[in-house]
Amino acid sequence: MSTELITDVDIDLETPVFTLDGPEYVEVDGQMIPNYDITIPIFGEGDVVSGRVVRIDKDEVLVDIGYKSEGVIPLNELSIRKSVNVADEVQLGELIDALVMQKEDQDGRLILSKKRARFEKAWKRIEAASVAGETVEGTVIEVVKGGLILDLGVRGFLPASLVDIRRVQDLDEFLGTKLECKVIELNRSRNNVVLSRRAVLEHERREVRQRILDDLEPGKVVEGIISNIVDFGAFVDLDGIDGLIHISELSWSHVNHPSEVLNVGEKVNVKVLDIDRERQRISLGLKQTQADPWQSVIETYQIGDIVPGKVTKVVTFGAFVEIHAGVEGLVHISELADHHVENPREVVNQGDELEVRIIEIDADRRRLSLSLKRVTPAPEGYGEDSEDGGEDGGEDGGEDGGEAVEGSFEDAPVYVEPAEDDEPSS
């Protein structure tokens, strides 16, 4: 092991190892003689002393603390790390602190420990941080079963479940990195320190979430990234806080599953619909940032127009037909055919392309009533008795009434859908 002085390190060789505390000369029998007592430091086992590294061997380091003999630091007392690189721990000429383990071993040597002196200082610092609720910082030095070991001057254990907010698959990626953690358990009798980085991240996240919430208002359009897709909608990361786009707010047209419209990682512009500041929940809308297709319907179509469409869904009380991108209307079962229809699937099926007549446009309620049977005129004389509410007519719109039944639009994409076999309310 080389003992040459390393010149790229700033080492003050002029600083004395031991400062004299008392008069340099004392009077003895009327004569002034040197005060030799003050030249020897007074210390006991367990005390922390300062000294200069004067020699580095492969298995020990010699330190001058101003005592009658140099102190010895065995290799295993240099660091808490299992694998010790001496050059990383001490350098020739460096002033260090060491704890006195033995004033004299069986060979008369002064045995010191650098790691224990560092441990004592670190423990006090960690203990103070724990009491004050402050964080500590350490470098990851080992990956062990169930977590990470951090060098805090003390070996701190960071459980894998507390490394991040989400479960970390590969702990090796943290080796050598500095992490800021909170102390969640401290036991001096066992020299046990348990840490949590997750607590630090969650605290930072709460602060970020609050700042974002303070900046958001209903009606504001913001940019975000799709972080997760579930059956009932999609979550959007707004740079620190997630908002939800409910499936009904994804598109003006019917959506069976959010994955039809969005992908995880996709960047989107969304409109803030509602904010629950107390629960920190944000409701978002995607379709509100797009043109409302109903405006096109109002501007383009009139009652009586015959238009092409596609059957999107068949239910017990009729069929929904898309006549414009994002706009569907209901063909009530009574408007499917001139004859009585027991099951709409006797006449139409999902995916059928056909022509329908517009018989009602309710712009306020965003409802569209369509008719299939009125596209082709009925045979001469058919249904003449229906004028006063017969089998195929009736102003009150019974089961086979010509007008749309009140409440029959609940299955349209711009409204909340009923169960498949729900009858429309009358």
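Residues numbered from 1 in each chain as written. Predicted model: local features only at pLDDT ≥ 70, side-chain atom pairs only at ≥ 80, totals over all residues. Heavy atoms only, no water.

**As for the overall build of the protein chain**
And then number 1: Tallying secondary structure elements over the protein chain gives 4 helices and 22 strands in all.
And then number 2: Across the 426 residues that make up the protein chain, the buried fraction comes to 41%.
And then number 3: Taking the intrachain contacts of the protein chain between residues at least 6 apart in sequence as the baseline, contacts between residues at least 24 apart amount to 59%.
And then number 4: With the model as given, the accessible surface of the protein chain reaches about 24,000 Å², and the carbon-plus-sulfur share is 45%. (Helix = DSSP H or I, 4+ residues; strand = E, 2+ residues; numbered from the N terminus. Buried < 20%, exposed > 50% of the residue type's maximum accessible area, 1.4 Å probe, protein only. Contact = heavy atoms within 4.5 Å. Areas by Shrake-Rupley, 256 points an atom, 1.4 Å probe, with all protein chains shown as cover.)

**A short note on the pattern of salt bridges**
And then number 1: Summed over all chains, the structure comprises 17 salt bridges.
And then number 2: With a closest N to O distance of 2.4 Å, Asp 97 and Lys 121 form a salt bridge. Of this pair, Asp 97 sits in strand β6 (residues 95-102) while Lys 121 sits in helix α2 (residues 114-132); the two residues are 24 residues apart in sequence, bridging distant segments of the chain.
And then number 3: Between Arg 197 and Asp 164 there is a salt bridge whose closest N-O contact spans 3.9 Å. One end of the pair, Arg 197, is in helix α3 (residues 197-215); the other, Asp 164, is in the loop between β10 (155-159) and β11 (178-187), with 33 residues separating them in the sequence. (Salt bridge = Lys/Arg side-chain N within 4 Å of Asp/Glu carboxyl O.)

**What about a negative patch on the surface?**
And then number 1: Negative charge collects at one region of the surface, where Glu 137, Glu 180, Glu 204 and Glu 207 lie side by side.
And then number 2: Looking at the element boundaries, Glu 204 is found in helix α3. (Patch = residues over 30% accessible without salt bridge, like charges linked within 9 Å, V, L, I, M, F, W, Y side chains within 5 Å. Lys, Arg positive; Asp, Glu negative; His and termini not counted. Charge placed at Lys NZ, Arg CZ, Asp CG, Glu CD.)

**Quick look at α2**
And then number 1: Over its 19 residues, α2 runs 27 Å from end to end, which matches the ideal 27 Å to within 8%, given 1.5 Å per residue.
And then number 2: When we look at burial in α2, the residues that qualify are Lys 114, Ala 117, Phe 119, Ala 122, Trp 123, Ile 126 and Ala 129.
And then number 3: The backbone nitrogen of Arg 116 lies 3.1 Å from a side-chain oxygen of the residue at the head of α2, namely Ser 113.
And then number 4: Of the residues flanking the end of α2, it is Gly 133, one or two places downstream, whose phi is positive at about 75 degrees. (Expected span 1.5 Å × (residues − 1). Polar contact = N/O pair within 3.5 Å; in protein donor to acceptor, adjacent residues only side chain to side chain.)

**Let's talk about the confidence of the model for the protein chain**
And then number 1: On average, residues of the protein chain score 81 in pLDDT, and 79% of them reach the 70 mark or higher.
And then number 2: Contacts for the low-pLDDT stretch residues 1-10, under 50 throughout, to residues beyond four places or in other chains number 16 contacts. (pLDDT = per-residue confidence, 0-100.)

**Considerations on the packing of aromatic side chains**
Any aromatic ring pair is given by two values, namely how distant the centres are and how the planes are angled relative to each other.
And then number 1: Applying the stated criterion to the full structure yields 3 aromatic pairs.
And then number 2: Ring geometry for Phe 119 and Trp 123: centres 5.7 Å apart, planes at 20 degrees, overall stacked. Of the two residues, Phe 119 and Trp 123 are both situated in helix α2; the distance of 4 residues between them amounts to about one turn of the helix.
And then number 3: Owing to a relative accessible area of 14%, Phe 119 belongs among the buried residues under this scheme.
And then number 4: Relative accessible area serves as the criterion here: at 2%, Trp 123 is assigned to the buried category. (Phe/Tyr/Trp six-rings, centres within 6.5 Å; stacked < 30°, edge-to-face > 60°.)

**Here's the deal with the pairing of strand β22 (residues 367-371)**
For a regular strand, side-chain orientation follows a simple rule: the groups alternate between the two sheet faces.
And then number 1: For β22, the tally of buried residues reaches 5 of 5 residues, placing the bulk of the element in the interior.
And then number 2: Alternating positions in β22 separate into two faces, Arg 367, Ser 369 and Ser 371 on one and Leu 368 and Leu 370 on the other, with burial throughout.
And then number 3: Judged from the 2 bridges that link them, strand β20 (residues 327-332) and β22 form a sheet pairing that is parallel. The partner of Leu 330 across the bridge, within β22, is Ser 369.
And then number 4: Pairing of strand β21 (residues 353-362) with β22, which is carried by 5 bridges, proceeds in the antiparallel orientation. (Pairing = 2+ DSSP bridges.)

**Structural notes on α3**
And then number 1: In this model α3 runs 27 Å from its N-terminal to its C-terminal C-alpha over 19 residues, within 8% of the 27 Å that 1.5 Å per residue would give.
And then number 2: Among all positions of α3, only Arg 197, Val 200, Leu 201, Arg 209, Ile 212 and Leu 213 are buried.
And then number 3: The N-capping residue of α3, defined by a side-chain oxygen 3.5 Å from the backbone nitrogen of Arg 198, is Ser 196.

**Looking at the environment of Ile 306**
And then number 1: Within the secondary structure, Ile 306 sits in strand β18 (residues 306-315).
And then number 2: Along the chain, Ile 306 and Arg 357 lie 51 residues apart, while their C-alpha atoms are 4.3 Å from each other.
And then number 3: When neighbours within four sequence positions are excluded, Ile 306 is seen to be in contact with Glu 355, Val 356, Arg 357 and Val 375.

**A closer look at unusual backbone geometry**
And then number 1: You will see that Gln 280, though not glycine, has its phi angle at about 55 degrees, which is positive.
And then number 2: With respect to the element layout, Gln 280 can be found in the loop between β16 (267-276) and β17 (281-285).
And then number 3: By relative accessible area, Gln 280 is classed as buried at 19%.
And then number 4: Its identity as a non-glycine residue notwithstanding, Arg 366 has a phi of 55 degrees, on the positive side.

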